[in-house]
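Structure at a glance
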Amino acid sequence: MNSTTEQAPALPEARRVAAPARGTAPGAGTKKRKRSKPPQQSFRSRLRRDKQMLLMMVPGVAFLLLFFYIPILGNVIAFQDYQPYLGIGDSLWVGWQNFVDLFGNPDFIHAFWNTLYLAAWQLVFLFPVPLVLALIVDSLISTRVRRIFQSIAYLPHFLSWVLVIAFFQQMLGGAGFVNNLLRDWGMDPIPFMTNPETFPVMVVVQMIWKDAGWAMIIFLAALASIDASLYEAAAADGAGRWRRMWHITLPGLRPVIVLLLILRIGDILSVGFEQFILQRDAVGAGAAEVLDTFTYYTGVVGGGWSSGAAAGLAKGVVSALLIYGANKLAHRFGEDGIFAKQVR
């Protein structure tokens, strides 16, 4: 029988599309193409490719090994009654006795709390100064003025602490410029450099003058990475300078601020050695004694090598725990910190 309906011409094989089954999503039956992985290079080929970079790393790696990692092995004397003429191999083992004696020593407890007190002053008053300086330099329009300001700000970093203390002594000491000026005006001199009560303020001022300009460079590099189009868009929307800084600049600097804050917290027990030992006799051990000076006078000057090593080891362990805790806290606030949190 002849059908009254006309049959549609058959489509070519290449143009036929299979209709998806009922109840299945479109594209469910299609297979995803796997991306081809680039061929992996052998270890020798990568070694030849990165030979120049590896050679440049050799001095830095050798420096770290000789002066940081190999000396870690010397911490074994913290568990011995170490005698230099006997050596590590023949010295008696005492276990944790050095730590028990250390934490029962009132001088160590005083040095520990004094270190935390001075570190709190540095963290509160010193840490924000490089950020403020970076914002000031970034707001300068003239490139020449910006370069001059940067050079003046970070030049004191290259001076040793001996020169820095000598400079402050010549300016603020008993026979310094400021006190001589006060005497000429008929006023009593002020003991800036020998007053134990104002010693924390003097320490912070000295560190700001010496290192704030150098720390500013990190924030300037972070400011340069912020997209300039964000400022242009905000200015077009009517945002002033303060609103642009609050909503663009500070959020852009937040990862760097968190990272530096974690590192500073981890190094909070290292408030400085040269700066304090140079002023210890002027203000007294009660004001300038910190863990570093306690370790030096106990271990090197007093001959208590094991006690000094125990103090240094305890300081290192506490610093590592502080870094770990600060990094965990950064993860809670959504920041990467020192190392990013692994997401599975």
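Residues numbered from 1 in each chain as written. Predicted model: local features only at pLDDT ≥ 70, side-chain atom pairs only at ≥ 80, totals over all residues. Heavy atoms only, no water.

Observations concerning the overall build of the chain
Across its full length, the chain holds 17 helices and two strands. The buried share among the 344 residues of the chain stands at 27%. Within the chain, counting contacts between residues at least 6 apart in sequence, those at least 24 apart form 63% of the total. As displayed, the chain offers around 24300 Å² of accessible surface, 64% of which is attributable to carbon and sulfur atoms. (Helix = DSSP H or I, 4+ residues; strand = E, 2+ residues; numbered from the N terminus. Buried < 20%, exposed > 50% of the residue type's maximum accessible area, 1.4 Å probe, protein only. Contact = heavy atoms within 4.5 Å. Areas by Shrake-Rupley, 256 points an atom, 1.4 Å probe, with all protein chains shown as cover.)

What about the packing of helix α6 (residues 128-139) against helix α10 (residues 199-224)?
Running from N to C, α6 and α10 cross one another at 60°; their axes reach a closest spacing of 7 Å. Here α10 runs oblique to α6, going by the angle between their axes. As for the relative orientation of α6 and α10, their crossing is right-handed in sense. Here α6 contributes Val129, Pro130, Leu131, Leu133, Ala134, Leu135, Val137 and Asp138 to the contact with α10, which in turn contributes Ile208, Ala212, Gly213, Ala215, Met216, Phe219, Leu220 and Leu223. A breakdown of the residues in the contact of α6 with α10 according to their chemical character gives 14 nonpolar, one polar and one charged. (Axes fitted to C-alpha atoms, helices over the stretch in contact; angles between N-to-C directions. Parallel < 35°, antiparallel > 145°, perpendicular 65-115°, else oblique. Left-handed = near helix turned anticlockwise from the far one by under 90°. Nonpolar A, V, L, I, M, F, W, Y, C, P; charged D, E, K, R; others polar.)

Concerning the pattern of salt bridges
A side chain of one charge can pair with a side chain of the opposite charge when the charged atoms of the two come close. Under the definition given, this model contains four salt bridges. When the shortest N-O distance is used, the salt bridge between Arg49 and Asp50 registers 3.2 Å. For Lys210, the salt bridge goes to Asp211, with nearest N and O atoms at 3.6 Å. (Salt bridge = Lys/Arg side-chain N within 4 Å of Asp/Glu carboxyl O.)

Things to note about the packing of aromatic side chains
Scanning the model with the defined rule gives 18 aromatic pairs in all. For the pair Phe273 and Tyr296, a centre-to-centre distance of 5.6 Å together with 70° between the ring planes defines the contact as edge-to-face. Placement of the pair is Phe273 in the loop between α12 (241-266) and α13 (274-277) and Tyr296 in helix α16 (residues 291-301), with a sequence separation of 23 residues. Take Phe273: its relative accessible area is 31%, and that puts it in the partly exposed class. Looking at Tyr296, the relative accessible area reads 31%, which means it is partly exposed. One aromatic cluster is present, built from ring pairs that chain together Phe63, Phe67 and Phe68. In this structure, Lys210 packs its charged tip against the face of Trp161, placed 5.3 Å from the ring centre. (Phe/Tyr/Trp six-rings, centres within 6.5 Å; stacked < 30°, edge-to-face > 60°. Lys NZ or Arg CZ within 6 Å of the ring centre and 35° of its normal.)

Observations regarding the nonpolar core
Residues Leu102, Phe108, Phe168, Phe199, Phe276 and Phe294 are the most contacted members of the largest nonpolar core, which totals 33 residues. Breaking this core down by element, the ones donating at least two residues are α4 (97-103), α5 (106-125), α8 (161-172), α10, α15 (285-288), α16 and α17 (305-332). For this core, the element with the most residues is α8, which contributes five residues. If near-sequence neighbours (up to four positions away) are discounted, Phe294 is found in contact with Leu102, Asn105, Asp107, Phe108, Ala111, Glu289, Gly299 and Ala311. Listed in part, the 17 residues of the second largest apolar core include Phe219, Leu220, Ile226 and Ala234. (Core = buried A, V, L, I, M, F, W, Y, C linked by side-chain atoms within 4.5 Å.)

Some thoughts on the side chain of Lys210
Examined against the element boundaries, Lys210 turns out to sit in helix α10. With a relative accessible area of 6%, Lys210 lands in the buried category.

A word on the environment of Val94
Looking at where Val94 falls in the secondary structure, it is placed in the loop between β2 (92-93) and α4. The spatial distance from the C-alpha of Val94 to the C-alpha of Tyr82 is 9.5 Å, given a sequence separation of 12 residues. The residues contacting Val94, other than those within four sequence positions of it, are Phe79, Gln80 and Asp81.

Some details on the environment of Tyr117
Note on placement: Tyr117 falls in helix α5. Taking the C-alpha atoms as reference points, Tyr117 and Val290, separated by 173 residues in sequence, lie 9.8 Å from one another. Reaching out from Tyr117, the side chain makes a polar contact with the side chain of Trp121 at a distance of 3.2 Å. (Polar contact = N/O pair within 3.5 Å; in protein donor to acceptor, adjacent residues only side chain to side chain.)

A look at the confidence of the model for the chain
On average, residues of the chain carry a pLDDT of 82, and 86% of them reach 70 or more. Across residues 1-19, confidence stays below pLDDT 50; counting only partners more than four residues off in sequence or on other chains, it has two contacts. (pLDDT = per-residue confidence, 0-100.)

Some thoughts on the side chain of Ser91
For Ser91, the position within the fold is in the loop between α3 (87-90) and β2. Using a relative accessible area of 3% as the deciding quantity, one classes Ser91 as buried. Here Gln83 takes part through its backbone nitrogen, which lies 3.3 Å from a polar atom of the side chain of Ser91. A polar atom in the side chain of Ser91 sits 2.5 Å from the backbone oxygen of Gly87. Residues within four places of Ser91 in sequence aside, it is in contact with Gln80, Asp81, Tyr82, Gln83 and Leu86.

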